[in-house]
Amino acid sequence: MTDNGASAPVERPAVVGQPPAAEPRELGTGPASTLPFGDRLADAMEAHGPVCVGIDPHPGLLEAWGLPDDASGLRSFGLRVVEELGGRVAALKPQSAFFERHGSAGVAVLEDVLAAVRAAGTLTILDVKRGDIGSTMSGYAEAYLGDGPLAADSVTLSPYLGFGSLRPALDLARQNGRGVFVLALTSNPEGSSVQHARTAGGTVAGDIAAGAAAENTSLPHRRLGSVGLVVGATVGTAVADLGLDLAAVRGPLLAPGVGAQGAGAAELAEVFGAAREQVLASTSRGVLGSGPGGLTGALARAVEDARQALGR
Ligand SMILES: O=C(O)c1cc(=O)[nH]c(=O)n1[C@@H]1O[C@H](COP(=O)(O)O)[C@@H](O)[C@H]1O
């Protein structure tokens, strides 16, 4: 679909400044997908540093970039981020909410941004924080982890209908060599009221971490499992206070909250301790706020900070 809703084929704007070639990778099939997601991410972090940049086209950022707050602005914003950072960063994480704001035209842009990231050879984390009863979860799983236009290498999931309700997504991700990041300790201050709550076996966050660990134990991998957790870089001493063994999860730990939410190198070091090898620090406004011409410099600084904080 085009921006005006007509069903003519989408002409994808050229992504300039990328290394040539790189046939768009077929998701779920072909040689590029023979490694499971966690191992591909581990390789990407080694190559580019432990940082993920979010593609969050906030209205304020569109304005600061001199772009209109409509689908054409989203497209220019998203494709410029891919042009500057694709092939140079461990992962890019489009935030679905800011595309959905513009209805079907915005979702069509999200599809094109995902395709552009793929064509640049960079891993995608689609941030949709989905979670629903199992039968509906199958629909979300097919949307994001199948072979449709919104397919990504990985997706964020909300486990608050019960970790087991995520089963369709866990299974499809496994089948297609993709990954998931399950919310465990989120970066917002309200998260603790649910995530720190006591359960029969420990705490809500601890039970989610145990669920992810069990998945990774049963899925063969070389370096990192494909079932990751979201643990905000802003959570302070929560990991230690709740007695979580994040290293035992053996999957990637997506750490948002770096930059605009106040976390930096000191917070990353404090939160993750022994699990720092698994951390993918995530920042959106902290890099995007530097403007289209400043993205690569801001990424380089974020990578340097994260490497120092995490000893990598
Ligand atoms: O899943 C996420 O990425 C996420 C989880 C979380 O606990 N906190 C959090 O901020 N995020 C996302 O990470 C991004 C943070 O953006 P900045 O605060 O601009 O770096 C947003 O897209 C959030 O939705």
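What you are looking at is a predicted structure, and each value in this text was computed from that prediction instead of being measured.

We now examine the overall build of the protein. When its secondary structure is counted, the protein shows 13 helices and 8 strands. By residue count, 51% of the 312 residues in the protein fall in the buried class.

This part takes up the UniProt feature "active site" (unreviewed entry) in the protein. Cross-referencing UniProt, the feature "active site" (unreviewed entry) maps to K129 in the present numbering. Looking at where K129 falls in the secondary structure, it is placed in strand β3 (residues 123-130). For K129, the residues in contact, after removing those within four places along its chain, are T156, L157, S158 and L183.

On to the pairing of strand β2 (residues 91-94), then. Neither face of β2 is left uncovered, since the one carrying A91 and K93 and the one carrying L92 and P94 both have all their residues buried. Pairing of strand β1 (residues 51-55) with β2 involves 4 bridges; the strand directions are parallel. What sits directly across from V53, in β2, is L92. Across 2 bridges, β2 lies against β3 in parallel orientation. Bridging across to β3, A91 finds its partner in L123.

According to UniProt, the positions carrying the feature "domain: Orotidine 5'-phosphate decarboxylase" (unreviewed entry) are residues 50-300. The straight-line gap between the two end C-alpha atoms of residues 50-300 is 11 Å; of that span, 42% is helix and 16% is strand.

To continue, consider the environment of L224. Tracing the backbone shows L224 in the loop between α9 (204-217) and β6 (227-231). Discounting residues that sit within four places of it in the chain, L224 has contacts with G38, D39, L41, A42, R250, G251, P252 and Q278.

Either a parallel or an antiparallel arrangement is found when strands of a sheet pair, and the pairing is made through backbone hydrogen bonds. Taking strand neighbours around the barrel as the criterion, the 8 strands line up as β1-β2-β3-β4-β5-β6-β7-β8 in a closed arrangement whose pairing is parallel. Direction aside, neighbouring strands of the sheet carry axes that sit 30° apart on average. Sheet topology places strand β4 (residues 154-157) next to strand β5 (residues 179-185); 4 bridges connect them, and they run parallel. When the sheet's bridge partners are listed, S154 is paired in β5 with G179. Helix-sheet contacts for helix α13 (residues 295-310) involve β1 and β8 (279-283), and the interaxial angle to β1 is about 140°.

The rules behind these values
Residues numbered from 1 in each chain as written. Predicted model: local features only at pLDDT ≥ 70, side-chain atom pairs only at ≥ 80, totals over all residues. Helix = DSSP H or I, 4+ residues; strand = E, 2+ residues; numbered from the N terminus. Buried ≥ 20, exposed ≤ 12 C-beta atoms within 10 Å, placed from the backbone. UniProt positions renumbered as here; feature names shortened; annotations may be inferred. Contact = placed C-beta atoms within 7 Å. Pairing = 2+ DSSP bridges. Axes fitted to C-alpha atoms, helices over the stretch in contact; angles between N-to-C directions.

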